[in-house]
Amino acid sequence: MNLRRYFIRALHRLQKGPGYTYKELLVWYCDNTNTHGPKRIIKEGPKKKLIWFFLTLLFASLVFWQWGILINTYLSYNVTSSLSIGFKTMKFPAVTVCNANPFKYSEVKHLLKELDRLIEVALERILQPTPGNSSENTSLPLDLGLWHQIPLVLIDEHNKDNPIILDIFETIQTSAGNQTSAGDQTSADNQTSADDQTSVGNQTAAPPALANTTSEEKKYKLAVKLCSHQGSNNCTYRNFTSAAQAVTEWYILQSTSILSKVPLQERIRMGYQAEDMILACLYGAEPCNYKNFTQIYHPDHGNCYIFNWGMDEEALNSSNPGAEFGLKLILDISQQDYIPYLSSAAGARLMLHQQKSFPFLKDQGIYAMAGTETSIGVLVDELERMGYPYSDCTMNGSDVPVKNLYSQYNTSYSIQACLRSCFQNHMIEICGCGHYMFPLPEGVNYCNNEDNPGWAYCYSSLRSSIRHRQICIDSCKETCNDTQYKMTISMADWPSEASEDWIFHILSYERDMSTNVTLDRNGIIKLNIYFQEYNYRTISESAATTIVWLLSSLGGQFGFWMGGSVLCLIEFGEIIIDSLWITVINVISWCKGLKQKRAQARYPDTPPTVSELVEAHTNLGFQPEDTGTLPRDEALPPEPGTPPPNYDSLRVQPLDVLGPDSDTETE
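Residues numbered from 1 in each chain as written. Predicted model: local features only at pLDDT ≥ 70, side-chain atom pairs only at ≥ 80, totals over all residues. Heavy atoms only, no water.

Q: An account of the state of the cysteines is needed here, citing residue identities and associated values.
A: What the rule picks out here adds up to 8 disulfides. A sulfur-sulfur distance of 2.0 Å marks the disulfide that ties C418 to C476. Because the torsion about its S-S bond is -85°, the bridge between C418 and C476 counts as left-handed. Residue C418 is found in helix 12 (residues 415-431), and its partner C476 is found in the loop between helix 14 (466-475) and strand 16 (478-479); the two are separated by 58 residues along the sequence. In this structure, C418 and C476 share a single accessibility class: buried. Disulfide pairing places C422 opposite C472 at an S-S distance of 2.1 Å. Judged by the torsion about the S-S bond (-85°), the C422/C472 disulfide is left-handed. You can see C422 sitting in helix 12 and its partner C472 sitting in helix 14, a full 50 residues away along the chain. (Disulfide = S-S within 2.5 Å. Helix = DSSP H or I, 4+ residues; strand = E, 2+ residues; numbered from the N terminus. Buried < 20%, exposed > 50% of the residue type's maximum accessible area, 1.4 Å probe, protein only.)

Written out as structure tokens, the structure is:
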């Protein structure tokens, strides 16, 4: 099939009258379009043509510029936030209560005995550095191997250009007559330092008399020394402005190593049990007890208990707002059994959160002080975010590349769970073990000083690494729907001096079946948790720009600057299609001409006929006639053609025009 003829016919069917060249097509478009401007270009005089051409080009440029801005605004997927207030019966939040102290000291004392002796002697040395004033019992040997794994050191900064490191226990041994070499002191020439760490010089000196110096002379710091492995010079020093902070941090690192080797069930046993901690419970008008709470183990706070978690049964609804219809608890935190160097704060840690979500008390929890009645009024905020492409949020965490280690609790996804899972995964990948404060995947053990001597150095470096932190932030996503509980907190002394005698007697009898008072103000906490009102706020996102807004804005700009409409755009599309057809026709013509040129290059004379090719193949001596060598006058005349038939002679004549010579029979 002749493609060129086909495309020409198709083009002729598609448009009537544009012509078959680009110029004819452009003139036809300008003469027939409904857009203002192009028609004036071809119908006005030369000067006006130039003016109208310039104006049309200018306003067309403005239209395309405005269109670019509008399309870019639409593709930015901005959102608007709207606030609505509703009124309904709401589910009472899940309430998690924990003790600020994770374990009973009487239960873990045998595990922390050597650690406590070390810190007591170290504090005695820091506060009373003179050997004669020291009351330490040197007859009892100290486990210095535990100390040297993560030691505390003094950094003397009287000479800031060349500070001096003082190892506390090496100084004690020297004063007691056990000489140590200068090589045991740590040099900072081969040490690295983090943001809160200081490198020091390779010098040793006698410790300053800390108890006898003035505030101007106290230019020393207590630091935790962390090395990649024991005896290595690749060490860092975590400095603290207060010795209390340094001691607490050091004790947490050491106790973490010790407790990480204790089985989970044993740690649960050493914590505070629900029947001992929850003395009284009342929800609305219905009594409750510790059996209505779900126990989970939290690494920071030991045994925690969750009311209305919604795991095993339906979540409870609040019948009415107000303190009389909320949750009332009386807790015993047993402050006298606190670990002295691990928990410096006393009280209960509590948090309000959604059902089936894991409580991250360290980030979102609040403290309730002992000896007080704490009233917590709750307001509810519901957040509804738009998903992709308007925001990078997730519905259930299935599209997050980080494995959620908290899924073992059958809890819902949260960004806190994702960030901690990401950190634990990096900890396992880089340090070879997991941190005690986070869940573990299968086949991995917690870090400890014996199996992983440099874990504290690795953990400190990883925690201060901005790059790894940013990786986790970029990998984790916010949840698209979230519920936040805004709390209004008020406190009062409880019980009062007038009523504490009989209240403590009753509570002691109910807990221990004893007529003696076994409770005191330092261990009792009363909580009232309730909805302030049933009004809830919904903060929802909606698209700031929609496809309807985009089309109307594009049309408005086109109509304002060019006087056009959708039909004008269709006309413009029509001329583009016609241009493509003309281009196709030209390409086909060019290809056909190129083919003919190649054929002429192969056969410079007239191409042979089929009969000549057959004869040349069968008769090797055959030579075709060379018609090109004949002179013009002697050229062969053209073969005569057969004349066309005379169709009139075949036409049937009527009877009345037939002559007498006709062969028709007459009557």
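Q: Describe in detail the pairing of strand 12 (residues 348-353), supporting the description with residues and values.
A: Most of strand 12 is tucked away, with 6 of its 6 residues classed as buried. Side chains of strand 12 alternate between two faces, with A348, L350 and L352 and R349, M351 and H353 buried alike. Relative to strand 13 (residues 366-368), strand 12 is paired through 3 bridges, and the arrangement is antiparallel. By the bridge assignment for strand 13, R349 is matched with Y367. (Pairing = 2+ DSSP bridges.)

Q: Explain the packing of aromatic side chains to me, using residue names and the numbers behind them.
A: Tallied over the entire structure, the rule returns 24 aromatic pairs. Consider the rings of Y74 and Y77, whose centres lie 6.0 Å apart with planes at 55°: the pair is tilted. By relative accessible area, which is 17% here, Y74 ends up buried. For Y77, a relative accessible area of 25% translates into the label partly exposed. (Phe/Tyr/Trp six-rings, centres within 6.5 Å; stacked < 30°, edge-to-face > 60°.)

Q: Describe the sheet that holds strand 12, with residues and values.
A: Across the sheet, 5 strands lie side by side as 9-10-2-12-13; this open sheet has antiparallel pairing. Because the sheet does not close on itself, it has two edges, and the strands there are strand 9 (293-298) and strand 13. Each adjacent strand pair in this sheet contributes to an overall mean axis angle of 30°, direction not counted. (Axes fitted to C-alpha atoms, helices over the stretch in contact; angles between N-to-C directions.)

Q: With reference to specific residues and values, describe helix 12.
A: With 17 residues, helix 12 ought to run about 24 Å at 1.5 Å a step, and its terminal C-alpha atoms sit 24 Å apart, in line with that. Of all 17 residues in helix 12, 13 are buried, a share of seventy percent or more. With its phi angle positive at about 85°, G432 sits one or two positions after the end of helix 12. (Expected span 1.5 Å × (residues − 1).)

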